[in-house]
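As a plain string of letters, each chain reads:
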Amino acid sequence: MNRSRRIAGTPVRSGFDSWAALVDVLTASLETSPNIPTGTVPPELARLDGLGPALAGGGHLDTTAIVLVADPLHVSFTIVTGGAAFDADDAGTIVPGSASAAADWRLYVPKVDPFTPALEAAAKGSGHLQIGNPPDVKKNERAASGGIDLDMIRRLAASS
Amino acid sequence: MSTTSTTTYTFTHTATFLADVIMSNMLGILTALSIDSTRLRSGWQRDLSAIAAWIGERSLAKVVLECQQPNGTTSPIFEFPVRYESTGKGDESFVKDNAAIARWSVKIGSVPAGTTFRLVCTHSGAYTPQPGWSEANRASTAGLASRSLGTIGSGPHGSASAIVYS
């Protein structure tokens, strides 16, 4: 279940406020799931206090997404800045499909120089924050489809 | 029949954008220098709001990031001068450039362990007091070599650049 959202960042609203909007939608979505206890998400995301707003405010999340993986969810969030922010969406409400999000959710934050050491320090010891690229989406699709090789189907469709 | 939409950029938009760019670059510098940035991160909203408010009233001249080494030396020192347009350039959008400081941070390496930082804002004319900020004198840059890192962000009503003294 792959989804993406483009959140309006600076100058529509500050990097701090756009990061807060992302935290709100992540918290509301994940805690909809009965698998994820209420109150457990904010402390994890608080590890990124100050760092998240810097990434958002500096335009580092314009094209490189923060990705939530909580099977069956796979949601990419970008926080767009500059003139493009005026055409972006609000963070929105709960991500559809969140009710079945798995307890072992992961939030993948991209490596962004020179912030990477601070991001890795913030994520150290967390069971949910990962610094780096998320798993391959195609592998997720294959697993979710019960082992059907979607790549092969696409190749067959293309050749027919 | 065709339709179009326009967006009016206000001075507040420019102030928000430049404050974000300056704050983000300062955290990037502290991280690159391995200086504990906890204080900047924990006061992020307060300092961002203060800088944006001062840009919004056109009173902010420079944001200064001073690195204070354990031996009493203050170096390097980063200045972020803000330049204001007398009239907004309505057709100009918002541009940021993180590359200059990223390139510089690769070269500088680190500062001695235990180095801390201080933020100082200088003003041109009257300004509105902001929570958490008090009167202070900035450190001297005498004897330090300066190097321009270029424009780090610009909007329709102004721009911010960066200079390092070391």
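For the structure given in this document, a descriptive report is provided here. (Residues numbered from 1 in each chain as written. Chains lettered and ligands numbered in written order. Predicted model: local features only at pLDDT ≥ 70, side-chain atom pairs only at ≥ 80, totals over all residues. Heavy atoms only, no water.)

**Regarding the packing of aromatic side chains**
All names here are of chain B.
Point 1. In total, this model carries seven aromatic pairs over all chains according to the counting rule given.
Point 2. Between the aromatic rings of Y9 and F94, the centroid separation amounts to 4.9 Å while the plane-to-plane angle is 75 degrees, which identifies the pairing as edge-to-face. With Y9 in the segment before α1 (11–32) and F94 in the loop between β2 (74–84) and β3 (95–96), this pair connects stretches of sequence that are 85 residues apart.
Point 3. Look at Y9 and you get buried, because its relative accessible area is 18%. (Phe/Tyr/Trp six-rings, centres within 6.5 Å; stacked < 30°, edge-to-face > 60°. Helix = DSSP H or I, 4+ residues; strand = E, 2+ residues; numbered from the N terminus. Buried < 20%, exposed > 50% of the residue type's maximum accessible area, 1.4 Å probe, protein only.)

**Let's talk about the interface of chain A and chain B**
Point 1. Contacts between chain A and chain B engage 28 residues on the former and 21 residues on the latter.
Point 2. Buried area between chain A and chain B, summed over both chains or domains, comes out near 1,900 Å², and the portion from carbon and sulfur atoms is 65%.
Point 3. Together, A:F16, A:F86 and A:P114 form the three largest contributors to the area buried by chain A at its contact with chain B, with a combined 28%.
Point 4. Where chain A packs against chain B, one counts one salt bridge.
Point 5. Here B:K96 makes a salt bridge to A:D62, at a shortest N to O gap of 3.0 Å.
Point 6. The tally of links between chain A and chain B comes to nine residue pairs in polar contact (both at pLDDT 80 or more).
Point 7. When contributions to the side of chain A that touches chain B are tallied by element, the ones reaching two or more residues are α1 (15–30), α3 (51–57) and α4 (116–123) of chain A.
Point 8. In terms of residue class, the side of chain A that touches chain B is built from 12 nonpolar, 11 polar and five charged. (Contact = heavy atoms within 4.5 Å. Buried area = accessible area lost by both parts, 1.4 Å probe. Salt bridge = Lys/Arg side-chain N within 4 Å of Asp/Glu carboxyl O. Polar contact = N/O pair within 3.5 Å; in protein donor to acceptor, adjacent residues only side chain to side chain. Nonpolar A, V, L, I, M, F, W, Y, C, P; charged D, E, K, R; others polar.)

**Examining the sheet that holds strand β4 (residues 106–109) of chain A**
Residues and elements named next belong to chain A.
Point 1. Pairing is mixed in the open sheet, where five strands are placed in the order β1-β3-β2-β4-β5. Here the strands that pair on one side only, and so sit at the sheet edges, are β1 (2–8) and β5 (129–131). On average, each strand axis in the sheet is tilted by 20 degrees relative to the strand beside it, whichever way the strands run.
Point 2. Of the strand pairs in this sheet, strand β2 (residues 66–70) and strand β3 (residues 73–80) are connected by five bridges, and their pairing is antiparallel. Within β3, the position partnered with V67 by the bridge is S76.
Point 3. Of the strands in this sheet, β1, β2, β3 and β4 are in contact with α1, which crosses β3 at around 165 degrees. (Pairing = 2+ DSSP bridges. Axes fitted to C-alpha atoms, helices over the stretch in contact; angles between N-to-C directions.)

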